[in-house]
Amino acid sequence: MERIFAEYYIETPYAVEQAAAVLAGEQSSGTFVSVPGETAELKERFAARVENIEILDSANEPSIPGNSIPGKKYQRAKVKVSWSIENFGYNLPVLISTLQGNLYEISQFTGLKLMDFDVPDSFRNKYRGPQFGIKGSKLSCGVTDRPMIGTIIKPSVGMGVDETAALVQTLINAGIDFIKDDELMGSTANSLFDDRVNVIMKVINNHAQKTGKKVMYAFNISDEIDEMQRKYDLIKKHEGTCAMISINSVGLSATKKICDQGDLVIHGHRNGWGMLNRHPLLGIEFPAYQKIWRMGGVDQMHVNGIQNKFWESDDSVVTSIQSCLKPFIGENNPLPVVSSGQWGGQAPETYRRTQTTDLLYMAGGGILAHPMGPTAGVNALQQAWKAAVDGLSVAEAALQYPEFAASVKKFSK
């Protein structure tokens, strides 16, 4: 029978083998004490198995609250566990409950993080994965040999519909590929969702009719499920191409219901990510996280950015980008969305470390606060990526491109 495999990074004051057995039991057929009916035959068929243990370093203090044993250190290890597919079939919420459920509360652990998991081939036949992903997103905007260049409407909230539409007009005239609502923008008193879609899509469609280039705008449809559906349909009615969902806020089932329709590119915003990942010994790592949302059908996934404004390390960002580019479910890989304090200066290092232009490269202030204006901000990003692919350093690119040089002067730390 096919099995699901998952790898965890753990910390425990107990013998690692004992703690791993508790994890396997709690997340399958067992509980804290033997119960009637838990027969050998039942355990053979449904109990999780500890497949491998790799002992790592130890710590003198616990990373998170849990049991302590006097005189014992807190041993860290990598543990691989497997479950029979019979435990949950193709029920994604139950699969996630198994991979990430009560195990975080188990007192034997003073640290536990889901690092990665893999599914059998039958999942690949069951789930389509992203409908559009990298290829469909870039094709929609007419982008081939460079990243899509995008931005976020700023201020995040407070601008009226007409102000927002005027900014969109400026940005698409500048050659932008992608624009999105901020995750904080839903339907404010002076920018109702329906009005915003109507006015902004008029600007985008008029430009497309004149030039043949249709800018992708990700309208934030995050809401209750029925209202999300209504907003999705409204975007389609106005010939939009993209909807944004705050995936941690609405959940896997709601996101998948929208993705399954397959008419719009789904931009998955991961706001709340730090709550899930920031502690090194608690939560989930991005390689596992992105697989969950790929099974749900998300087309674009935020990955933070090199030299970003947040806490995440460059190594973590690179790992996130690479995990999106690896085949998993379906024919299409999700498009990594690079953001968080980005401007053209990070492009050479991003390309050096990832060797890919299959990105949506997002800059808010890096475009809108450019000293020569938003048009120059878009140009500067395009110049930066051309320079990166050509192997130029930031200093060399600044000598060649005036808009990029102004960015260096403005944004270099």
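All values reported here derive from a predicted model rather than from experimental measurement.

**Observations regarding the overall build of the protein**
Of regular secondary structure, the protein possesses 18 helices and 13 strands. The globule rule puts the C-alpha radius of gyration for 413 residues at 22 Å, and the 24 Å found for the protein is close to it. If one aligns the C-alpha atoms of the protein with their principal axes, the spans along those axes are about 70 × 45 × 40 Å. Counting over 413 residues, the protein shows a buried share of 54%. A sequence separation of at least 24 residues applies to 75% of the contacts in the protein between residues at least 6 apart. Roughly 17,600 Å² of accessible area belongs to the protein as shown, and the carbon and sulfur atoms make up 50% of that amount.

**Section: empty space enclosed by the protein**
Taken as a whole and judged by the stated rule, the model has 2 cavities of 30 Å³ or more. By volume, the largest cavity is sized at about 60 Å³. Lining the largest cavity, in full, are I153, P155, S156, M159, T164, D181, D182, M185, R196 and Y217. By volume, the second largest cavity is sized at about 40 Å³. Classifying every residue of the lining of the second largest cavity gives 7 nonpolar, 1 polar and no charged.

**Structural notes on the packing of aromatic side chains**
Applying the stated criterion across every chain, the model contains 13 aromatic pairs. Judged by centre distance (5.7 Å) and plane angle (85 degrees), the ring pair of W273 and F286 falls under edge-to-face. With W273 in helix α11 (residues 273-277) and F286 in helix α12 (residues 286-296), the pair connects residues that are 13 residues apart, well separated along the chain. Taken as a pair, W273 and F286 share a single burial class, namely buried. Taken together through their ring pairs, the aromatic side chains of W273, F286, Y289 and W293 make up a single cluster. One Lys or Arg, K231, reaches over the ring of F193 and ends 5.0 Å from the middle of that ring. Residue placement shows K291 over the ring face of F117; its charged tip is 5.8 Å from the ring centre.

**A few points about the layout of surface pockets**
Of the pockets and cavities examined, the largest pocket occupies roughly 510 Å³. Contributing to the lining of the largest pocket are 27 residues, with H269, K309, F310, S339 and S340 lying nearest its centre. Of all the elements in the fold, those that place two or more residues in the lining of the largest pocket are α11, β11 (300-304) and α15 (365-368). Residue composition of the lining of the largest pocket, grouped by class: 6 nonpolar, 14 polar and 7 charged.

**Observations concerning the sheet that holds strand β5 (residues 148-152)**
Pairing is parallel around the closed barrel formed by 8 strands, whose spatial order is β5-β6-β7-β8-β9-β11-β12-β13. Along the sheet, successive strands turn relative to each other by an average axial angle of 25 degrees, direction set aside. Pairing analysis gives 3 bridges linking strand β6 (residues 178-180) to strand β7 (residues 216-220), with the strands arranged parallel. Looking at the pairing, F178 lines up with M216 of β7. Of the strands in this sheet, β11 and β12 (335-338) are in contact with helix α13 (residues 314-325), which crosses β11 at around 160 degrees.

**Considering the sheet that holds strand β4 (residues 111-118)**
Taken in spatial order, the 5 strands of this open sheet run β2-β3-β1-β4-β10, and their pairing is mixed. Both outer strands of the open sheet, β2 (49-59) and β10 (282-284), are each paired with one neighbouring strand and no more. Taking each pair of neighbouring strands and ignoring which way they run, the sheet shows an average axis angle of 15 degrees. For β4 and β10, the ladder comprises 3 bridges, and the chain directions are parallel. Pairing of L112 across the sheet is with L282, part of β10. Packing of helix α1 (residues 16-26) onto the sheet brings it into contact with β1 (3-12), β2, β3 (74-84) and β4, and relative to β2 it is tilted by some 130 degrees. Here α12 sits on the sheet in contact with β4 and β10, set at roughly 50 degrees to β4.

**What to know about the pattern of salt bridges**
Following the criterion strictly, the structure yields 22 salt bridges and no others. The partner of E312 in a salt bridge is R270, with the nearest N and O atoms 2.9 Å apart. Remark: R270 occurs in the loop between β9 (265-269) and α11 and E312 occurs in the loop between β11 and α13; sequence separation between them is 42 residues. Pair check on accessibility: E312 and R270 agree, each one buried. One salt-bridge network, in which partners are shared between bridges, spans E11, D57 and R76.

**Quick look at the nonpolar core**
Y8 and F123 are the most contacted members of the largest nonpolar core, which has 99 residues in total. For F123, the residues in contact, after removing those within four places along its chain, are I4, I85, G89, Y90, L92, L95, M295 and I329. Counting 15 residues, the second-largest nonpolar core is a separate cluster that includes I152, F178, A218 and V265.

**Notes on α13**
Here α13 spans 17 Å end to end across 12 residues, near enough to the 16 Å set by a 1.5 Å rise per residue. When α13 is considered as a whole, its buried residues turn out to be S316, V317, V318, S320, I321, S323 and C324. Contact partners of the buried residues in α13: α12, β11, β12 and α14 (347-354).

What counts, and at which threshold
Residues numbered from 1 in each chain as written. Predicted model: local features only at pLDDT ≥ 70, side-chain atom pairs only at ≥ 80, totals over all residues. Heavy atoms only, no water. Helix = DSSP H or I, 4+ residues; strand = E, 2+ residues; numbered from the N terminus. Rg over C-alpha atoms; globule rule 2.2 N^0.38 Å. Buried < 20%, exposed > 50% of the residue type's maximum accessible area, 1.4 Å probe, protein only. Contact = heavy atoms within 4.5 Å. Areas by Shrake-Rupley, 256 points an atom, 1.4 Å probe, with all protein chains shown as cover. 1 Å grid on protein atoms, 1.4 Å probe; cavity = no way out; pocket = protein on both sides within 12 Å on 5 of 7 lines; lining within 4 Å. Points joined across faces, edges and corners; volume = space filled by probe spheres on them. Nonpolar A, V, L, I, M, F, W, Y, C, P; charged D, E, K, R; others polar. Phe/Tyr/Trp six-rings, centres within 6.5 Å; stacked < 30°, edge-to-face > 60°. Lys NZ or Arg CZ within 6 Å of the ring centre and 35° of its normal. Pairing = 2+ DSSP bridges. Axes fitted to C-alpha atoms, helices over the stretch in contact; angles between N-to-C directions. Salt bridge = Lys/Arg side-chain N within 4 Å of Asp/Glu carboxyl O. Core = buried A, V, L, I, M, F, W, Y, C linked by side-chain atoms within 4.5 Å. Expected span 1.5 Å × (residues − 1).

Keep in mind these values describe shape, not function.
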